[in-house]
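# Understanding the architecture of this molecule
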Amino acid sequence: MDNFLNSTSTVPEFVGASEIGDTIGMCIPSVDALLLDHLHVQKRFTVIGILSSRTGAGPQIMAMDEAVKATNTEVIDIEMPRDTKGGAGHGVLILVGGYDPSDVRSAIQVALDNLSRTFGDVYNSAAGHLELQFTARAAGACHMAFGAPEGKAYGLICGAPSGIGVVMADTAIKTAGVNVLTFASPGHGTSFSNEGIVHISGDSGAVRQAVIAGREVGLKLLAQLGENPVNDFPSYIR
Amino acid sequence: MDNFLNSTSTVPEFVGASEIGDTIGMCIPSVDALLLDHLHVQKRFTVIGILSSRTGAGPQIMAMDEAVKATNTEVIDIEMPRDTKGGAGHGVLILVGGYDPSDVRSAIQVALDNLSRTFGDVYNSAAGHLELQFTARAAGACHMAFGAPEGKAYGLICGAPSGIGVVMADTAIKTAGVNVLTFASPGHGTSFSNEGIVHISGDSGAVRQAVIAGREVGLKLLAQLGENPVNDFPSYIR
Amino acid sequence: MDNFLNSTSTVPEFVGASEIGDTIGMCIPSVDALLLDHLHVQKRFTVIGILSSRTGAGPQIMAMDEAVKATNTEVIDIEMPRDTKGGAGHGVLILVGGYDPSDVRSAIQVALDNLSRTFGDVYNSAAGHLELQFTARAAGACHMAFGAPEGKAYGLICGAPSGIGVVMADTAIKTAGVNVLTFASPGHGTSFSNEGIVHISGDSGAVRQAVIAGREVGLKLLAQLGENPVNDFPSYIR
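Residues numbered from 1 in each chain as written. Chains lettered and ligands numbered in written order. Predicted model: local features only at pLDDT ≥ 70, side-chain atom pairs only at ≥ 80, totals over all residues. Heavy atoms only, no water.

## Structural notes on unusual backbone geometry
Rule in force here: Secondary structure elements are taken from DSSP: a helix is a run of H or I of four residues or more, a strand is a run of E of two residues or more, and numbering for both begins at the N terminus.
A cis amide bond links Ala160 of chain B to the next residue, Pro161 of chain B, at an omega of 0°. Its place among the elements puts Pro161 of chain B in the loop between strand 8 (153-160) and helix 5 (162-175). A positive phi is found at Asp22 of chain A, a non-glycine position, where the angle reads about 50°.

So this is what it looks like as structure tokens:
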């Protein structure tokens, strides 16, 4: 899997696309005011960047978290369709706003470039999937999507089917002293995805240790449903 | 793809079925009063028609919009499951009420017959889909499902993954002076489908022009995700 | 399809797994108090059992209903993701609580053992599915998930696409004098699944007769969408 060559597009709004999660990045340099009234954004900007995918919400959100740190842009909307092309999880729609189209295009490009990293701890099998994420310093995307305190370490520990996520969460929290932000499950904090997800923050070393412990038990449990889950990209949480 | 031969059914409620979207049409000539208390209908009728599909909400709703204009029936419920058999969109459940079983059966049949037309501007690829709809005069189905003012021209411009729908909407609105009814997205106005959908109304020529402009940019953007989207039936919006 | 051999697992929480619906059963002997604060349970227990699946909510709920009758455990949470691996229905997450890990493990094991029975009246085709359930005496799982009065006969009659469930419900209710609890549909009482589901209770014979009548018409209607629906396990409702 790799990024597409984007040089052929004749649409000025197009920034880039990736086979990873069927992710497309776009930028509207001057959004129509009538449309802006109807978009569900937290803050009005006329320059709007868009990152939209079929598969994966967490990886795109983490990638955008890096992108807003690196550029003069802000996350203004994150929505999670119940998608993944028939899988158990979410896709995502992320809108960012900025003052300068080149900033916003750059933010979208940085996010696209980060996808092969943030998909590194997504493990799939026919029966389900696991997702692990970690950042030493959360920014606006993690804050809006998951309630992560900005500037602090943040971790995401997710298992599907959702019951696996319950045991992963229990193991993770028992491993290290972390702060539990929320536990998301099919009926609470997800768009009815079949995921159990604990969101944690706290000391960087503790959060990382908890995420790694959750991953270890999750890999073993999901394997009980028939095949070993595998990641398509190298793991980044070590 | 074609309609099935329906002559073999021994169920009196059966009206017809279509491979298009796995759509089935039925009519209950005298619905049980106990059930009627629990159905989520806007108005009580004892004769009830049912149009139900796995794939496609818009095409069935547009088809039913024609059907209620042509018969003495009313749309009394529209609900949208998050379905499409693993795709990014909706299926639909439409209930219509009437006073005479032959009217209601006729409405269901008209809707089934319209499907190959209203699926004409549905474009699919492995990565997503587009849907465009237009009517010069909206009736009860478009009103209930999308808030379209009855009797006025109405257009639907939809892209999946949802970010494509944002750019389609922006392009469409900038093209012609139309009234923006709502912008639906994964977290607002959909059942968590991965669609960005702008609903517009206004002058017939302007609405049509906006829909066509949205389609043009949508086809180019979705093609960036790997393959050209194609429609299974001839386009009807020209 | 059969249960896996579970002897190889090295995770202490693991109880058992089944290919049927990709169902995994686990038990946390002493759940972390911090996690318990964030789980969405009706009552606090430190011993927690988990039954989680990709496909099938009804069968697992009925199986757990038997399990809580047979053990000293209580159902404390039931959530229904919009899953079934691209199908039209739900998966499920069930949490049970108990005072003794061996009770809870036993409840999970009883539920897993019941799956091949409670999947007996699930009928699938490429276009949709039917599900029928019946118990002469509902317990806590049916009560929490479907509002069934405990200790009374309960029946579930479900069709997908959802319109088929409307006709099944009408036929069932007309067949025998039963109490209609609710009618669930894509927008009401489901997680946007494409199912029409009537929940009934009352006299055991009447409920059973109504369920059988619903099944009969449902099989004929779903067959109109191209192929005869089949069950993977022997029917248990006779």
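## Concerning the relation of the copies chain C and chain A
For clarity, the cut-off: To superpose the copies, least squares is applied to the C-alpha atoms of every residue with a pLDDT of at least 70 in both. A contact between two residues is defined here by any heavy atoms of the two lying within 4.5 Å.
Between the two copies, chain C and chain A, the superposition gives an RMSD of 0.0 Å; the rotation angle is 120° and the shift along the axis is 0.0 Å. The operation mapping one copy onto its partner corresponds to a three-fold rotation axis. Within chain C, Gly86 of chain C has its C-alpha nearest the rotation axis, a separation of 2.3 Å. Comparing contact sets, just 8% of the residues at the interface of chain C also lie at the interface in chain A, consistent with a heterologous contact between different surfaces.

## Describing the side chain of Thr23 of chain B
Note the following rule: Under this definition, polar contacts are N or O atom pairs within 3.5 Å; protein pairs additionally need one hydrogen-donor-capable and one acceptor-capable atom, and for neighbouring residues in sequence, both atoms have to be side-chain atoms.
Structurally, the position occupied by Thr23 of chain B is in strand 2 (residues 23-28). Among the polar contacts listed, one links the side chain of Thr23 of chain B to the backbone oxygen of Ile20 of chain B, at a separation of 2.7 Å. Ignoring anything within four residues of it in the chain, the contact list for Thr23 of chain B reads Gly16, Ala17, Ser18, Leu51, Ser52, Ser53, Gln60, Leu112 and Leu115 of chain B together with Leu225 of chain C.

## Things to note about the interface of chain C and chain A
Selection rule: When two parts are brought into contact, each loses some accessible area as probed by a 1.4 Å sphere; the total of that loss over both is the buried area. For salt bridges, the criterion is a side-chain nitrogen of Lys or Arg within 4 Å of an Asp or Glu carboxyl oxygen. Each residue is assigned to one class: nonpolar for Ala, Val, Leu, Ile, Met, Phe, Trp, Tyr, Cys and Pro, charged for Asp, Glu, Lys and Arg, and polar for all the others, Gly among them.
In this complex, chain C contributes 38 residues to the contact, which on the side of chain A involves 36 residues. Of the roughly 2,900 Å² buried where chain C meets chain A, counting both sides, 65% is carbon and sulfur surface. Among the residues of chain C in contact with chain A, Leu35, His38 and Arg54 of chain C are the three that bury the most area, contributing 18% of the side total. Where chain C packs against chain A, one counts 1 salt bridge. The interface formed by chain C and chain A contains 15 residue pairs in polar contact (both at pLDDT 80 or more). Elements supplying a minimum of two residues to the side of chain C that touches chain A: strand 1 (14-18), strand 2 (23-28), helix 1 (33-38) and strand 3 (47-53) of chain C. Top element by residues in the side of chain C that touches chain A is strand 2 of chain C. It accounts for 4 residues. Tallied by class, the residues present in the side of chain C that touches chain A amount to 16 nonpolar, 14 polar and 8 charged.

## A look at the domain arrangement of chain A
Often, the extent of an interface is quoted as the loss of accessible area upon association of its parts. All names here are of chain A. Our working rule: By convention here, the domain bounds are inherited from an automatic or database domain assignment.
Entries for chain A in the domain assignment read domain 1 (12-119) and domain 2 (121-222). The C-alpha-based centres of domain 1 and domain 2 are spaced at 22 Å. With 21 residues of domain 1 at the contact, the number on the domain 2 side is 24 residues. Approximately 1,800 Å² of surface area, both sides summed, lies buried where domain 1 meets domain 2, with 64% of it carried by carbon and sulfur atoms. The tally of links between domain 1 and domain 2 comes to 0 salt bridges. The interface formed by domain 1 and domain 2 contains 12 residue pairs in polar contact (both at pLDDT 80 or more). When contributions to the side of domain 1 that touches domain 2 are tallied by element, the ones reaching two or more residues are helix 2 (58-70) and strand 4 (73-79). When its residues are assigned to classes, the side of domain 1 that touches domain 2 shows 11 nonpolar, 5 polar and 5 charged.

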